[in-house]
Amino acid sequence: MSEMPKIRPSAAEVDSDRELKLIEIRREAEQRGAVAGKGVRPAGAPFPMASPETGYYGIPLLKEPAWTWEIPLYFFVGGAAGAAAVMGAIADYTGADRKLVRDARWIAAAGAVISPALLVSDLGRPARFLSMMRVFKPQSPMSVGVWTLLGFSGGAAAAAFAGFMRERYGPSLPLRVIENAGQAASLLFGLPFSNYTGVLIGATAIPVWNQNAGELPIHFAASGVSAAVGMLELLGHRKSRALQLLGLGAAIFESWEGWRIESRQQPGLDPLKRGTSGWITRAGGVLSGPVPAILRLASLVGGRKNQDDFRRWAAISSIAGSLITRIAWVHAGHVSARDWRQPLGIG
Amino acid sequence: MAITAFLTDSTLCIGCKACEVACKEWNGVGEDGLNWSGYSYDNTGAVGHSTWRHVKFVECAPEPGFGGNAPELNSWSFSSDVCKHCENAGCLEACPTGALVRTEFGGVYLQPDVCNGCAYCVVACPFGVVQRNPDDGRAFKCTFCYDRQKAGLIPACAKACPTESIKFGEIESLRRKATERMQELQRRGMRDATFYDASDSSVGGTHAMFIVRGDPRTYNLPPKPEVPTTYLKKAWTSSAIAAGLLLAGSVIAFLSENRSNGR
């Protein structure tokens, strides 16, 4: 009998706090028609509310980019390859060092092979890459970009291949035609190819990207130049004045770009300044801007041995900075898409 | 062929989710998990690759006392969300394969046999509708029941709606209906009823129009959606400047090198 649950509370229990609370709730319900006591609030209360200030429960309005890791890497490779092709062609036309021309072409050709591979592997249906070639849509930066990539890849690969054949088997008319036409094509397509990815992400619904649509292509071009210069310098061209000039120009521009991002007060730019994405952006900016700029300036005044070392480190910093900058922008796009306040015009 | 549209009237919606079910049923859209969100009775969250109709459960307080609410209680309104089928559609402009097309009914249709899953439409949609299905690889969204419309039927969601909260018809007559309904609601004292079709933005109007109560932002409807093609001019100008700078910079750099080498 003693195990039976008690239905009626004993006198001692009636006096307990919990029993008194129940009586109090009953009285409140009787008098006011509702109970507002803390003790009857379920876990998680107050319940989430939708409002013009919080949007629809703070559920993101926009969809996050669905791109995988290949895309920021593609931005980096494509930018460097495009800039290298332009520099190589101009170096050739102005009669610069032959080895520099050849190395620039090889960087461009490597990019010409890696870029389409990265793009195709990102596709949800890689086997359907050819769908891209059904149409040319000038209003779609993705379509323009794919055709630019095709023109660039063909040109850069042809120029490098014909150059290689010429060196190996001696000059001939067909090889010279292919080499020159390939180089001209890689220059023509390399110019937009080095920066169109800025248009690609700038002309989207993602606030942090479209708020920088007017700056991203120049920013990405500078990033591509500094990466291409860095790669050529690591291949041994650390005495080239032209590369020094281009590298310095890009580093100074990137420093200014970093300062612009930091100083502009606009809530849509928060992903570039706050949190993890902010620190990645900052790291990329410092490595592409002030660090190589200072190292390059130092190399101008240092001794011969130091000069070489300074430029090597400037090159490494530029390449790392360019890659991190691309990752940072894509990451910031994800953070921006999750922020429901921007598209709703709140805050 | 008549240009058609949806008019979704949240003042008539009872939150039964028949439209969600009917859409999945007719279009063969897969289930997408059973997760409790804690946001009222909405456990779906948003439209996406596996949800083409989505009923929002909006707990808030717009002019309490009208529409059956006791004055001291929060109002509880429902609104069935869907692809807006924009007049200037960001996804359609962005698609590099031509998989996204404008149909003869004025809607935006994604041809699944052409889509290669580049996911550019995902970031081009100012309403966050299109989404890539990670399992399938392609992007998916509301088809505006193109197959049913072709056969002279009304879309599955509109057909299943028990209160005619989802109206479907020729776009101009629906606009007139919306105006009449707005006047009627005003007359009845529901002064916070709001018509939303984004016609005052670069999207240029939608083929999915809404009547909601209070601020449309409460329903995650952006007050100023922009079709991303508006940024193209600025971005390509910047691209041309960048190309010019790269070309000029390279020429100057390599010419100055040659001069210093004494050639």
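Residues numbered from 1 in each chain as written. Chains lettered and ligands numbered in written order. Predicted model: local features only at pLDDT ≥ 70, side-chain atom pairs only at ≥ 80, totals over all residues.

1. Some remarks on the overall build of chain B
Part 1: When helices and strands are counted, chain B shows seven helices and 10 strands.
Part 2: Computed over the C-alpha atoms, the radius of gyration of chain B is 23 Å, more than 25% above the 18 Å expected from 2.2 N^0.38 for a compact globule of 263 residues.
Part 3: Taken over the C-alpha atoms alone, chain B extends approximately 90 × 40 × 40 Å along its principal axes.
Part 4: Put simply, chain B has 263 residues, and 52% of those count as buried.
Part 5: Considering only residue pairs separated by 6 or more positions, chain B has 63% of its internal contacts joining residues 24 or more positions apart. (Helix = DSSP H or I, 4+ residues; strand = E, 2+ residues; numbered from the N terminus. Rg over C-alpha atoms; globule rule 2.2 N^0.38 Å. Buried ≥ 20, exposed ≤ 12 C-beta atoms within 10 Å, placed from the backbone. Contact = placed C-beta atoms within 7 Å.)

2. So, the packing of helix α13 (residues 290-301) of chain A against helix α14 (residues 304-338) of chain A
Residue and element names in this part refer to chain A.
Part 1: Across the interface, α13 lies against α14 with an axial gap of 8 Å and an inter-helix angle of 165 degrees. Classified by the angle their axes make, α13 and α14 are roughly antiparallel. The interaxial crossing formed by α13 with α14 has left-handed handedness. For the pair α13 and α14, contact is made by Val291, Pro292, Leu295, Arg296, Ala298 and Ser299 and by Gln307, Phe310, Arg311, Trp313, Ala314, Ser317 and Ser318, respectively. (Axes fitted to C-alpha atoms, helices over the stretch in contact; angles between N-to-C directions. Parallel < 35°, antiparallel > 145°, perpendicular 65-115°, else oblique. Left-handed = near helix turned anticlockwise from the far one by under 90°.)

3. Here's the deal with the domain arrangement of chain A
All names here are of chain A.
Part 1: Along its sequence, chain A is organised into domain 1 (68-194) and domain 2 (205-341).
Part 2: Using only C-alpha atoms to locate each centre, domain 1 and domain 2 end up separated by 23 Å.
Part 3: With 16 residues of domain 1 at the contact, the number on the domain 2 side is 19 residues.
Part 4: For the side of domain 1 that touches domain 2, the secondary-structure elements that each account for two or more residues are α3 (70-93) and α4 (98-122).
Part 5: Here the side of domain 1 that touches domain 2 gets 10 residues from one element, more than from any other, and that element is α3.
Part 6: In terms of residue class, the side of domain 1 that touches domain 2 is built from 12 nonpolar, three polar and one charged. (Domains from an automatic or database assignment. Nonpolar A, V, L, I, M, F, W, Y, C, P; charged D, E, K, R; others polar.)

4. Quick look at unusual backbone geometry
Among all residues except glycine, the phi angle is most often negative; among peptide bonds, the trans geometry is most common.
Residues and elements named next belong to chain B.
Part 1: Residues other than glycine seldom take positive phi values, yet histidine 85 does so here, at roughly 45 degrees.
Part 2: Mapped onto the elements of the fold, histidine 85 is located in the loop between β3 (75-82) and α2 (90-94).
Part 3: For histidine 85, a count of 26 C-beta atoms within 10 Å gives the class buried.
Part 4: With phi around 70 degrees, alanine 119 is a residue other than glycine that occupies positive phi space.
Part 5: Relative to the helices and strands, alanine 119 resides in the loop between β5 (108-110) and α3 (120-124).
Part 6: The class for alanine 119 is buried, based on 26 C-beta atoms found within 10 Å.

5. Observations regarding the interface of chain B and chain A
Part 1: Chain B puts 67 residues into the contact, and the matching count from chain A is 72 residues.
Part 2: At the level of secondary structure, the elements contributing two or more residues to the side of chain B that touches chain A comprise β2 (53-60), α2, α3, β6 (131-132) and α7 (232-260) of chain B.
Part 3: For the side of chain B that touches chain A, the class distribution of residues is 36 nonpolar, 20 polar and 11 charged.

6. Points about helix α1 (residues 18-27) of chain B
Residue and element names in this part refer to chain B.
Part 1: Taken as a whole, α1 has its buried residues at Ala18, Cys19, Glu20, Ala22 and Cys23.
Part 2: Contact partners of the buried residues in α1: β2, β3, α5 (156-160) and β8 (166-170).
Part 3: Glycine 28 sits one or two residues past α1 and shows a positive phi near 65 degrees.

7. Regarding the sheet that holds strand β1 (residues 4-9) of chain B
Residues and elements named next belong to chain B.
Part 1: Strand order in the open sheet formed by four strands is β8-β1-β10-β9, with mixed pairing between adjacent strands. With one partner strand each, in any of the chains shown, β8 and β9 (193-196) form the two edges of the open sheet. When the angles between neighbouring strand axes are averaged without regard to direction, this sheet yields 20 degrees.
Part 2: Where β1 meets β8, five bridges bridge the pair, whose relative direction is antiparallel. Note on β8: the bridge partner recorded for phenylalanine 6 is phenylalanine 168. (Pairing = 2+ DSSP bridges.)

8. Quick notes on the domain arrangement of chain B
Residue and element names in this part refer to chain B.
Part 1: Along its sequence, chain B is carved into domain 1 (4-225) and domain 2 (227-263).
Part 2: Between the C-alpha centres of domain 1 and domain 2 the distance comes to 45 Å.
Part 3: Across the side of domain 1 that touches domain 2, the residue classes tally to five nonpolar, three polar and one charged.

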